[in-house]
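# Coordinates in review
Next come the chains, spelled out residue by residue.
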Amino acid sequence: MTSPIRTERQDNVLVIISDNPPVNALGQAVRAGLASGIEEAVGDDSVKAVVIRCDGRTFFAGADITEFGKPPQGPSLPEALDKLEASDKPVVAAIHGMALGGGCEVALACHYRIAVPSAKMGLPEVKLGLIPGAAGTQRLPRLVGAQAALPLVAIGDPISAKKAQGIGLLDGIVEEGKLAEEAISFAQSKIGQPVARSSEGQANQDGVKNPAIFDDFRAKHARKMRGFDAPNAAIEAVKAAGELSYADGVKKERELFTTLMTGTQSAAMRHYFFAERAANKIDDVPADTPLIDIAKVGIIGAGTMGGGIAMNFLSAGIPVTILEMKQDALDRGTAVMRKNYENAAKRGRMTSEQVEAAMGLLTPTLEYDDLADCDLVIEAVYESMDVKKQVFAKLDEVVKDGAILATNTSYLNVDEIALATKRPGYVLGLHFFSPANIMKLLEIVRGEKTRGDVLATSMKLSKKIGKVAAVSGVCPGFIGNRMLSKRQEQANQLIMEGANYWDVDDVLLEFGFPMGPFQMGDLAGIDIGWHRDPSKVTTVREALCAVGRFGQKAGKGFYDYDEARQRTPSDEVRQIISEFAAKEGSEQREISKDEIRERLLYPMVNEGAKILDEGMAQRASDIDVVWINGYGWPLHTGGPMFWASTVGLDEVVAGLERHGLEVSGYLLQKAQAGERFG
Ligand code: 3H9
């Protein structure tokens, strides 16, 4: 097999080049090639300097994640990088694309780093439940200081070349397209000078002088870090870089790295990394399916949902025509979109020019005919089959042939909606989640007749508008809401049987969800869909509405809220629930948190198994993608199906049986065979 690494001579400079598509991951052959490249340079007296660069779309994007968990094959990345840094001949990293993880560590081990303006650098290991493991946590603080290193190592977002230069991570930025030649001149300019080794840097002393930066950082990011092990390990490693010698710091990093690498969280997060990418692939739609050009989008309905959906396209530079039935609703919807953009600008997330550019792409209208030349129309009107059918019949009449017609329904039958048109092949569901301009998930609902190019185009478009997509078949509630309904059923049942409703919420919070179902009800408004007749009480929710407990907006719902929106359980609600339970003849008893957790989560897994069995999801990992991105399922557990496998499917089955709940044949069969999902 030919090596992915080759060397080329340019005068007295040896250029080590990696060509390992798609992202120059640092697999064994690359590490071996790097090590022998550097040996070649050191052993050849006519070589006076070295440049390391990559072919293809990016500099090294990190260790090869597919090798994790397999028996290690030398040389290790730390070994290769120590060799590189030890060279007395200057070594220059020439960066384009992304220098991520192990790739950033390669750059850190080089004596100098230059990049093109579009390059990015970062240590995203924390997003895989890890910390850098090739001395990145020790070299980086010594080079740029602990304060600047902390967010890079513990949050893991990449930074621009400009920012990297600002903190001292880059020594120069060179013109786009001239990286190869500029790197050689740069390397030659360093010949004869003592090399600058990051491991010998002193910038880490900022953390020793002011140790409060570590606790401050922890406090500032507490919410983001909640439940995750890796960020704390990352902070510890950066702190160690100031307190320990380089050699001891590297040892500390290795200990922390190994503990994380062998733990469940990292396995779960690595599973998710590949799950997100697998979800892009539609089994029977070839990757080279010709796509439909989407140059203009129509949205029907300028309410919260329609407006939010429209913003996704506007932000991506795609013109949108938005339709409403009445002028005042249209004006209101447009004004809300502008306000949302202006708020984003106030928070520094956009410039005012970007706000104007996005709003400039919006055409409000009251006329269906104005949608005629749209390539994609998404309907976001009231959830009624009759209304949706009317809308689709009208769209079929006015919108050009070959355009995609999508419904944003969250549970209605997409096949039935498609039959209102003469082109069911062009109809599908694009289920956005509220707030649609923010939530990451897009469920792509594949109708019985939906064409391959319509699906492939929607998938591609989802990436363009920054969504994470997964395909669902047509079934009530699709993947996400169908499973949610099982959890909600149990939540309601549990409080009827005597569980404290705050325990139900707390169990989910402790598991890692951002909130529980009753908090969620308070946030959304308990009166959504209420019939507004206080004398007609058939559910707990109606009982709460009857006494004005509409949720957070009223200062009280399931909980009482103070001015800081802190919740306290309410005696009144407890009373209402127990009266209601008595009326229903439901006996109340004490219910443990373990029982609550099992009854909330195991039925979801069971429903997920049914969804798989029916072919409504292509793969178990797609279900994980839906729940992590649409419903706040904690990433560090890998999603419901991965989590179930870590619990053990036999244990899930036993739990369901213990609580007298349904066990699907598919789940039972998997459990009995000792299998996992996926
Ligand atoms: C690390 O470095 C640990 C070290 O500190 C310690 C060492 C001791 N490995 O995302 P895309 C595949 S941890 C293997 O669709 P994009 C990916 O699965 C690592 N494969 O492209 C996909 O395959 P397929 C730290 C990888 O342009 C294909 O490449 N680094 C890896 O949207 C294309 O990927 C990271 O965490 C990998 N490292 O985004 C960076 N990376 O076509 C991880 C990608 O079969 N990578 N693949 O589905 C990324 O964030 C994105 O891939 C990147 C490109 C931004 C680079």
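Look a little higher up for the structure.
Residues numbered from 1 in each chain as written. Predicted model: local features only at pLDDT ≥ 70, side-chain atom pairs only at ≥ 80, totals over all residues. Heavy atoms only, no water.

From N to C terminus, the protein chain includes 29 helices and 19 strands. Against the 2.2 N^0.38 benchmark of 26 Å for 678 residues, the protein chain shows a C-alpha radius of gyration of 28 Å, consistent with a compact globule. Dimensions along the principal axes, computed over C-alpha positions, put the protein chain at roughly 90 × 60 × 55 Å. Across the protein chain, contacts joining residues at least 24 apart in sequence account for 72% of those joining residues at least 6 apart. (Helix = DSSP H or I, 4+ residues; strand = E, 2+ residues; numbered from the N terminus. Rg over C-alpha atoms; globule rule 2.2 N^0.38 Å. Contact = heavy atoms within 4.5 Å.)

Moving on, we get to unusual backbone geometry. The phi torsion of most residues other than glycine is negative, and most of the peptide bonds are trans. Between Pro-21 and the following residue, Pro-22, the backbone shows a cis peptide bond with an omega angle of 0 degrees. Along the chain, Pro-22 falls in the loop between strand S2 (13-18) and helix H1 (28-43). Following Ser-434, the chain continues into Pro-435 via a peptide bond in cis, with omega recorded as -10 degrees. A positive phi angle, close to 55 degrees, is found at Asp-11, a residue other than glycine. Here Asp-11 is to be found in the loop between strand S1 (5-10) and S2. The class for Asp-11 is exposed, based on a relative accessible area of 63%. (Buried < 20%, exposed > 50% of the residue type's maximum accessible area, 1.4 Å probe, protein only.)

Moving on: the sheet that holds strand S7 (residues 120-122). Read from one edge of the open sheet, 3 strands run S5-S7-S8, paired in mixed fashion. Two strands lie at the open edges of the sheet, namely strand S5 (98-100) and strand S8 (159-160), each paired on one side alone. Summarising the sheet, S7 and S8 pair through 2 bridges and their orientation is antiparallel. Across the sheet, the residue bridging to Met-121 is Ile-159, located in S8. Along the sheet, helix H3 (residues 102-109) makes contact with S5 and S7, crossing S5 at roughly 90 degrees. (Pairing = 2+ DSSP bridges. Axes fitted to C-alpha atoms, helices over the stretch in contact; angles between N-to-C directions.)

Within helix H27 (residues 640-647), 6 of the 8 residues are buried, which leaves the element mostly enclosed by the surrounding structure. Taken as a whole, H27 has its buried residues at Pro-640, Met-641, Phe-642, Trp-643, Ala-644 and Ser-645. Next to the buried residues of H27 lie helix H13 (264-278), helix H20 (480-496), helix H21 (501-511), helix H25 (593-613), helix H26 (620-630) and helix H28 (649-658). Of the residues flanking the end of H27, it is Gly-648, one or two places downstream, whose phi is positive at about 105 degrees.

Attention now goes to the sheet that holds strand S14 (residues 404-407). If you trace the 8 strands from one edge of the open sheet to the other, you get S12-S11-S10-S13-S14-S15-S16-S17, paired in mixed fashion. Edge positions in the sheet fall to strand S12 (362-365) and strand S17 (468-472), since each of these pairs with one other strand and no more. Strand-to-strand, the axes of this sheet are offset by a mean angle of 25 degrees, without reference to chain direction. The pairing of strand S15 (residues 427-432) with strand S16 (residues 441-445) spans 4 bridges and is classified as antiparallel. By the bridge assignment for S16, His-431 is matched with Glu-443. Contacts between helix H17 (residues 385-398) and the sheet are confined to strand S10 (297-300), strand S13 (376-379), S14 and S15, with S14 contributing the most and set at about 170 degrees to the helix.

It is worth spelling out helix H24 (residues 571-584) at this point. Across its 14 residues, H24 extends 20 Å between first and last C-alpha, which sits within 8% of the 20 Å expected from 1.5 Å per residue. The complete set of buried residues in H24 reads Val-573, Ile-576, Ile-577, Phe-580 and Ala-581. Looking straight down H24, one finds its buried side chains confined to an arc of 130 degrees; they lie on one side. Across H24 from its buried face, at more than 90 degrees, point the exposed residues Asp-571, Ala-582 and Lys-583. Buried-residue contacts for H24 involve H20, H21 and helix H23 (540-546). Measuring from the backbone nitrogen of Glu-572 back to the side-chain oxygen at the start of H24 gives 3.1 Å, which picks out Ser-570 as the cap. Backbone geometry just after H24 places Gly-585 at a positive phi near 75 degrees. (Expected span 1.5 Å × (residues − 1). Arc of directions from axis to C-beta. Polar contact = N/O pair within 3.5 Å; in protein donor to acceptor, adjacent residues only side chain to side chain.)

So, about the environment of Lys-463. Structurally, the position occupied by Lys-463 is in helix H19 (residues 452-464). Separated by 183 residues in sequence, Lys-463 and Asn-280 have C-alpha atoms that sit 9.1 Å apart.

Attention now goes to the environment of Ala-671. Among the structural elements, Ala-671 can be located in helix H29 (residues 665-672). Judged by relative accessible area, Ala-671 falls into the buried class, the value being 14%. Between the C-alpha atom of Ala-671 and that of Val-540, which follows or precedes it by 131 residues, the distance is 37 Å. Ala-671 has contacts with Leu-649, Asp-650 and Val-653, leaving out every residue within four places of it along the chain.

Looking at where Asp-453 falls in the secondary structure, it is placed in helix H19. Residue classification places Asp-453 among the buried positions, given a relative accessible area of 14%. A polar contact is formed between the side chain of Asp-453 and the side chain of Arg-451, at a distance of 2.9 Å. Once residues within four sequence positions are removed from consideration, Asp-453 is found in contact with Thr-289, Pro-290 and Ile-292.

In this section: the packing of aromatic side chains. Tallied over the entire structure, the rule returns 19 aromatic pairs. Here Phe-511 and Phe-513 contribute two aromatic rings whose centre-to-centre distance is 6.0 Å and whose plane-to-plane angle is 25 degrees, an arrangement assigned as stacked. The exposure class assigned to Phe-511 is buried, which follows from its relative accessible area of 12%. Judged by centre distance (5.3 Å) and plane angle (75 degrees), the rings of Phe-513 and Trp-633 are edge-to-face. In this pair, Phe-513 is assigned in the loop between H21 and helix H22 (517-524) and Trp-633 in the loop between H26 and H27, connecting sequence segments 120 residues apart. In this pair, the class of Phe-513 matches that of Trp-633, namely buried. Connected via pairs of aromatic rings, a cluster forms that spans Phe-433, Phe-511, Phe-513, Tyr-602, Trp-627, Tyr-631, Trp-633 and Trp-643. Positioned over the ring face of Phe-273 is Arg-277, at 3.7 Å from the centre of the ring. Above the face of the Phe-642 ring, Arg-676 is positioned so that its terminal group lies 5.6 Å from the ring centre. (Phe/Tyr/Trp six-rings, centres within 6.5 Å; stacked < 30°, edge-to-face > 60°. Lys NZ or Arg CZ within 6 Å of the ring centre and 35° of its normal.)

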